[in-house]
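# Topology and contacts: notes
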Amino acid sequence: MKHDELDNLLRDTLKADVAASKSCILGMEDRVIMQLGERSPRLRWSQWLAQLAAPTRGVRLGQIAVVGATAAIFLFIGLALANRILPGNNSPGLSLQPVRSADGNQEVLFVMPALDAESVAVVGSFNAWEGTALSDLDGDGIWTASIPLSPGRYEYAFIIDGRWWGQDPLADDYIQSFGEYSSVRYIGRGGDGA
Amino acid sequence: MNLRKTRVFWTFTLLLLLPILGVSAQISLMDYEQGLYSIPVSNPDFILFTIELGMTQADFPAEPLLRLIDRLASHPGAVFEKDGILIILAHALEDGLPIEGLVGKALEGLARNVSLQQIEQGLSQLLILLAETRDLFYSKGIFNAPAGAPQAVPTAIPTLRFNQLLIHVSGTIGDFLESGGSPFEGHLLYQGMHNRLTMLQGITLLPEDVELVLDRIEPSDLTQVALVAVR
Amino acid sequence: MYRVQEEVSLLRASLQGDTGAWGEIINRYKDAVFGLCLGFMRNRADAEDVSHDAFIRAYVNLRRYDLERRFSTWLFTIAANLCRNQLRYRKNHPSTEQPLQIRGGTDPAQLVGAEDRQARIREALNKLPYSYRAPLVLRFYNELPYQEISEVLAIPEGTVKTRIHRGKAMLRDLFAEGA
């Protein structure tokens, strides 16, 4: 068989297979939208609540209330955050596009909404679990830090007023380490590495 | 300028340049020796010998290891427990296994204020996983080729790349077991391994290396490794 | 350029939660994504499930998509990875669905001309290993350039070319066998 013949036959056959399966494609957008409508954002709410309910040493009532309030209004802050993360506008919001420096490191944004917190830090495999402080300069309860990281896989958690918080909504994955949750991020991919 | 002034000038210039040249930035065996003696460990010679072995590898985690030793030195726990942690690292180094994950795990445990005994248990399991995973790789014809050595097998991978695969496959099994997964859920272990390796494909892992592992390792293989670790 | 600009607007709207805009994106890409999945998976039920999943996952992860990159490449990469996962799963959990065959179960002896040739190529594709079939589908159905295929499958461009060349040679042999 000549090269052209095979190329055309391949093309035609693959197209014919799809054409014969039109029923599978029909209404796909409706089914997807319907499923998305039921779906909550990427947080696993049951796990957030479970972590809140877990007993910790010497936690005062006030701290529990702060953490509870933070979780309860997270959705509101998350929406505000989504507006700031939108690319392309000129406001000094958060940029979604990764900024790469000359040595291949990427400026990675760590974000934690923590209203009324006095200190927020991120600890992880990138800083020998020693803690990099986040800051909330405009006092809106959203703490951020930008850390240059080389491509790879990183495990981390936040410490909010001395209490560990292992589930970052912006994480790619979660694991359990020493019985507690840690977040995982993969740095270096432009799009989704699903 | 006369000769004396010239000498003084160049001496000062050199001293100013030293930090820029990074001469002081290198960690030497002496730094580790100092740290070990301040703990103090019971068998510093053996541990130092294995560290010296490990330092020849390009992926040796020099700074994190030093930080770990320093933090253990100032930790209020019992000396024999600190010993236990460092001996596990020494055995790994002696066996030619990459210690990056072990050191990171220990540092995390210290940061989380977990007991030294718990850290030692975690490291022990991780060491078994590293060794067993390496045996698995070998049994599947995935070998590491040390730099400079003749390539005995066509599928031999340079040690640095081999170590990365080892760390991530054993790490996946470790994470899975720690989150309460059963060793008998081989397909879930495989899924986890697949996800982790493909996420790193093109970033810190070469696609052909990932493909080699995913093609040759089966879910049941991972079950066997996991079973040894929980025995 | 107009179409690309329009697509960017739809993507921005989707990012803000406009599911109608996402519906339009799906409408534009469903043939391409389904075709990719059908080519990779070789059975309709799996292809439909994976295509559906790909659009869900793309929406959920949209905030991680870099608007500078070509959207189709990103979407196809998600679909290809999901297919790969599903194929691995299928190794131990075979599908009860029949692989793609001659339409309507027609007796092969009765097929003539073009239909017969398509049936034989279809059979040959079913037998081709995944690593050779995937680049062929992306080249001959999705009509992607080598560079994009390399990005979607995360393999070097040279490997893409080799696989396509060898894949076609294998197809030719299988086609001749089925005569």
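Since the structure is predicted, the reported quantities are computational estimates derived from the model, not experimental observations.

## Observations concerning the overall build of chain B
Regarding its fold elements, chain B presents 11 helices and two strands. Each helix and strand of chain B, placed in order from N terminus to C terminus, yields the pattern α-α-α-α-α-α-α-β-β-α-α-α-α. Across chain B, the fraction of contacts at a sequence separation of at least 24, relative to all contacts at a separation of at least 6, is 71%. Looking at chain B as shown, the accessible area adds up to about 11,400 Å², and 59% of this sits on carbon and sulfur atoms.

## Regarding helix α2 (residues 19-41) of chain C
Residues and elements named next belong to chain C. The end-to-end C-alpha distance of α2 is 28 Å, clearly below the 33 Å that 23 residues give at a rise of 1.5 Å each. Sitting at the amino-terminal end of α2 is D18, which places a side-chain oxygen 3.0 Å from the backbone nitrogen of G20. Trailing α2 by a residue or two, R42 shows a phi angle of about 65 degrees, which is positive.

## Points about the packing of α2 of chain C against helix α6 (residues 130-140) of chain C
Residues and elements named next belong to chain C. Between α2 and α6, the least distance of the axes is 9 Å, while the angle of their chain directions is 155 degrees. Relative to α6, the element α2 is oriented roughly antiparallel. Here α2 and α6 pass one another in a crossing that is right-handed. Across the interface between the two elements, G35, L36, G39 and F40 from α2 touch Y130, R133, A134, V137 and L138 from α6. Tallied by class, residues from the contact of α2 with α6 come to six nonpolar, two polar and one charged.

## A word on the confidence of the model for chain B
Residue and element names in this part refer to chain B. For chain B, per-residue confidence averages 86 on the pLDDT scale, and 85% of positions sit at 70 or higher. When mean pLDDT is taken per element in chain B, helix α6 (residues 100-111) scores highest with 97 and helix α1 (residues 3-21) scores lowest with 56. Across residues 18-24, where pLDDT falls below 50, the model places one contact with residues more than four positions away in sequence or in other chains. Predicted complex metrics record ipTM = 0.90 and pTM = 0.54.

## Details of the state of the cysteines
Residues and elements named next belong to chain C. Using the criterion set out here, one finds zero disulfides over all chains in the structure. In this structure C37 is a free cysteine whose sulfur lies 3.8 Å from that of C83, the closest cysteine sulfur available. Overall, C37 belongs to the buried group, its relative accessible area being 0%. A relative accessible area of 0% means that C83 is categorised as buried.

## Some remarks on the interface of chain C and chain A
Taken together, the 50 residues of chain C in the interface contact 46 residues of chain A. There are nine salt bridges connecting chain C and chain A. Salt-bridge contacts for D7 of chain A lead to K168 of chain C; the nearest nitrogen and oxygen are separated by 2.7 Å. Put simply, the parts of the chain that give the side of chain C that touches chain A at least two residues each are α1 (2-15), α2, α3 (44-60), α4 (71-92), α5 (113-127), α6 and α8 (157-177) of chain C. Among the elements that make up the side of chain C that touches chain A, the one with the highest residue count is α2 of chain C (10 residues). Split into classes, the residues belonging to the side of chain C that touches chain A amount to 22 nonpolar, 10 polar and 18 charged.

Cut-offs applied
Residues numbered from 1 in each chain as written. Chains lettered and ligands numbered in written order. Predicted model: local features only at pLDDT ≥ 70, side-chain atom pairs only at ≥ 80, totals over all residues. Heavy atoms only, no water. Helix = DSSP H or I, 4+ residues; strand = E, 2+ residues; numbered from the N terminus. Contact = heavy atoms within 4.5 Å. Areas by Shrake-Rupley, 256 points an atom, 1.4 Å probe, with all protein chains shown as cover. Expected span 1.5 Å × (residues − 1). Polar contact = N/O pair within 3.5 Å; in protein donor to acceptor, adjacent residues only side chain to side chain. Axes fitted to C-alpha atoms, helices over the stretch in contact; angles between N-to-C directions. Parallel < 35°, antiparallel > 145°, perpendicular 65-115°, else oblique. Left-handed = near helix turned anticlockwise from the far one by under 90°. Nonpolar A, V, L, I, M, F, W, Y, C, P; charged D, E, K, R; others polar. pLDDT = per-residue confidence, 0-100. Disulfide = S-S within 2.5 Å. Buried < 20%, exposed > 50% of the residue type's maximum accessible area, 1.4 Å probe, protein only. Salt bridge = Lys/Arg side-chain N within 4 Å of Asp/Glu carboxyl O.

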